[in-house]
Amino acid sequence: MKEKDFRDNETLDLFKRTGGNFLMTSIDAVIDWGRSNSVWPLTFATSCCGIEMMATGASRHDFARFGIEVYRASPRQADVIVVAGTIVNKMAPVLKRLYDQMSEPRYVIAMGACAVSGGPFYYNSYHVVRGVDHVIPVDVYIPGCPPRPEALLYGIMQLQRKIKLESITRPEQTMILGKQ
Amino acid sequence: MKEIINLPVSNIEEEEYHINMGPQHPSTHGVLRLLVSLQGEMVRSLKPHCGYIHRGIEKMCEKDTYPQVIHLTDRIDYLSAHINNHAVCLLVEKALEVDVPERVRYIRTIMDELARIQSHQLWWSSFGMDLGGLTCFFYGLRDREMILDIWEETTGSRFLQSYNCPGGVMQDIHPNFQKKVHAFLKTFKKKIKDYDRILSGNVIFENRSQGVGILSKEDAISYGVTGPSGRGSGWSCDVRKTEPYSMYGKVQFNEVLRYECDTYSRYMVRMQEMHESMNIIEQLIDNIPEGEHSAKMKAVIKLPAGEYFQRVESARGELGLFVVSDGNKTPYRMKFRTPSFSNLSVLDHISRGMKIADLVAIGASLDLVIPDIDR
Amino acid sequence: MDNETLKARILEIVPEAQQEENKQFLTLLLPAAKLHDLALKLKNSPELAFDFLFCLSGVDYIKQLAVVYHLRSTQHKHALVIKVKTDDRVNPNFDTVCDIWRTAEFHEREIYDMFGIRFNNHPDMRRIFLEEDWKGYPLRKDYIDEVNIVEF
Ligand code: SF4
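All of these numbers come straight from a predicted model, not from anything done at the bench.

*Asks:* So, the layout of surface pockets: which residues are in play, and what are the values?
*Replies:* Of the voids in this model, the largest pocket is the one considered here, and its volume is about 920 Å³. Contributions of two or more residues to the lining of the largest pocket are made by helix H4 (48-57) of chain A together with helix H6 (102-130) and helix H7 (134-155) of chain B. Ranked by the residues each element gives to the lining of the largest pocket, the list is headed by H6(B), at six residues. Partitioning the lining of the largest pocket into residue classes produces 25 nonpolar, twelve polar and five charged. Quantified by volume, the second largest pocket comes out at close to 530 Å³.

*Asks:* I'd like a description of the pairing of strand S3 (residues 52-60) of chain C, backed by residues and values.
*Replies:* Residues and elements named next belong to chain C. Among the nine residues of S3, nine are classified as buried, and the element is accordingly described as predominantly covered. Where S3 lies against strand S4 (residues 65-72), eight bridges are found, and the strand directions are antiparallel. Within S4, the residue paired with Cys55 across the bridge is His70. Counted between consecutive antiparallel strands, the loop separating S3 from S4 contains four residues, among which Ile62 sits at a positive phi close to 65°.

*Asks:* I'd like to hear about the sheet that holds strand S7 (residues 317-325) of chain B, residue by residue, with values.
*Replies:* All names here are of chain B. Spatially, the three strands line up as an open sheet ordered S6-S7-S8, and their pairing is antiparallel. In this open sheet, the two edge strands, each paired with only one partner strand, are strand S6 (306-314) and strand S8 (333-337). Averaged over all neighbouring strand pairs, the angle between strand axes comes to 15°, with direction disregarded. Across five bridges, S7 lies against S8 in antiparallel orientation. Residue pairing across strands places Leu321 opposite Phe336, the latter belonging to S8. The strands touched by helix H5 (residues 81-96) within the sheet are S6 and S7, with S6 carrying the most contacts at an inclination of about 145°.

*Asks:* Describe in detail the side chain of Gln118(B), supporting the description with residues and values.
*Replies:* Tracing the sequence through the fold places Gln118(B) in helix H6. By relative accessible area, which is 1% here, Gln118(B) ends up buried.

*Asks:* An account of the site of the ligand is needed here, citing residue identities and associated values.
*Replies:* Around the ligand sit 15 residues in total, of which Cys48(A), Cys49(A), Ala113(A), Cys114(A) and Cys145(A) are the nearest. With respect to the ligand, the chains having nearby residues are chains A and B. Judged by the proximity of its atoms to the pocket grid, the ligand belongs to the second largest cavity. Of all the secondary-structure elements, those providing two or more residues to the shell around the ligand are H4 and helix H6 (112-117) of chain A. The greatest single-element share of the shell around the ligand, amounting to three residues, is contributed by H6(A). Its residues placed into classes, the shell around the ligand shows nine nonpolar, five polar and one charged.

*Asks:* Give a detailed account of empty space enclosed by the protein, specifying residues and quantitative values.
*Replies:* Residues and elements named next belong to chain A. Evaluation of the coordinates by the stated rule reveals four cavities of 30 Å³ or more. Quantified by volume, the second largest cavity comes out at close to 70 Å³. At the level of elements, H4 and H6 are the ones that each hand at least two residues to the lining of the second largest cavity. It is H6 that contributes the most residues to the lining of the second largest cavity, three residues altogether. When grouped by side-chain class, the residues that make up the lining of the second largest cavity number six nonpolar, five polar and two charged.

Conventions used here
- Residues numbered from 1 in each chain as written.
- Chains lettered and ligands numbered in written order.
- Predicted model: local features only at pLDDT ≥ 70, side-chain atom pairs only at ≥ 80, totals over all residues.
- Heavy atoms only, no water.
- 1 Å grid on protein atoms, 1.4 Å probe; cavity = no way out; pocket = protein on both sides within 12 Å on 5 of 7 lines; lining within 4 Å.
- Points joined across faces, edges and corners; volume = space filled by probe spheres on them.
- Helix = DSSP H or I, 4+ residues; strand = E, 2+ residues; numbered from the N terminus.
- Nonpolar A, V, L, I, M, F, W, Y, C, P; charged D, E, K, R; others polar.
- Buried < 20%, exposed > 50% of the residue type's maximum accessible area, 1.4 Å probe, protein only.
- Pairing = 2+ DSSP bridges.
- Axes fitted to C-alpha atoms, helices over the stretch in contact; angles between N-to-C directions.
- Contact = heavy atoms within 4.5 Å.
- Near = heavy atom within 4 Å.
- Sits in = over half its atoms within 2 Å of the grid points.

Laid out in structure tokens, this is it:
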């Protein structure tokens, strides 16, 4: 992908900050830079997409390059939950609880068609939640069944850009960004 | 506090408490939930709670045509996706009495074996990781990428390819296919020695796995524990041998059996199986006959009314496919007898009296894939 | 043992058994009351020795509910399918075989979950996949789910 195309993201443009105090914006920049480069994911994989997530974390694709380094098994230590795989009705409350246990600021990546919309199980399945955004707010959607590791990396980069727009002085804007 | 101190010692010992492993737990390989009742550190009993990834695939199959069903079988056991596809195709071909070209059989068998190696590599990675060896994770997945590359070139997808279709395969193999498979075999033969050096001979690993989780042959049969886990108990249950399909009747390979019945023997069976799979691929890869990559099939596939059953050996064990057809283009009832479901049922039995840490090793040695349990 | 002798042998034990048409396996339809008895004999008599229950499925034939047992002998390599049916859709039940083949325990729970068929004497008759308060039995043909399942 060309740098120009990568930069071109209308949704993020909406949230671009203008103005602000010189000191505070500098502090923001530093904090956001730090935050965006150490996003720790939760080990959470329900099905097939989880294998691609593992592949992304392993030798060839290695998303440690982006600071998504340490898989955390406990939600209390994680910053981002990558919902990799189908969420069914029985799992939905558990996912909600996991999300609630994470500390702010927290982010959600919906990985794969299932997490985005129900995917292959959209029709005729009596037990699948059609999109994890019915349960928790989602920051980045990554389509694909399963998405390639490159797609996941791209999604993560988008998340990092989103984090970089946050401000500690204007939590209401963070609210828009993080919470929807 | 005082009351606790004053309790008689025996009473404290009998105290039983429950812990909840999962649904979100790194060593249950997905969203399995185990309710473990413990006495001290010993597992008294355990209750698996499934259904956290129950997607209703069997109901969906009743609404889908047979070629559509194939795409769903990929998602049941994603690590042996090719083999699951193969089962549906074999069943449809058997019911319609279609003779598939020789070339297709070769391709399918090679793909199946690649899937098996790939699945065992991933199992080895996560097994190592569960027991605390993070290196395994990187080694296993590094080598797995080579197989994914081969698949990607031919089928167009890294995994979940839905490459088989009734009557043949979706498209012909890529011209590079044979070359790449040879390259893979050459490298992996060297790399698999590393696997042995890291885990198989490791003292810590041996201590944690030998004598742990004993599953006798009778129990394996009674619980229906098939595949490498069953063969680790000395039960010769390989469908490739007992009921050969595709090319398995014509190639030479050994059914790997071990008789120690513990976690270590289940581990060794899988390690050996990777060698056997490479052996099978080697016999086939150079002699793929020329010809069509698919037999002529009708545009709409309708099975004659009746009941059909097809067994194949997936990477985890025996996959059975039971179809009741009423003559329509969709199955009337489709049942998947998935290997992991039966393998899970034995977990309670073999982990009783073990330490809680051993439970992780035992669970990993059964190689459970959770969507394969829940469907 | 080939299918003919097998059939004769089983008819000796259960004279009411009827053969059903099937190209692959010998399929016998049994009266539900004889199921547990026969199962026990199938497992324990040395010349039958059906020790491996390799598939256990429920089927909804609209008029009837059925349970299908696929059996195999690991020693003699012969296979057999037995079927039991019931007309009762409200409260169907059969005897459990999980004391004979342990793998049946989970499979029977699954059938209960999906078809609502109860198994008498089963140690733990609960739903296995769905929540306890789930309404209806999804794999029955008359299961209605207006929200999720589209009828074309
Ligand atoms: S999107 Fe596809 S690959 Fe991912 S979990 Fe769903 S079915 Fe599996």
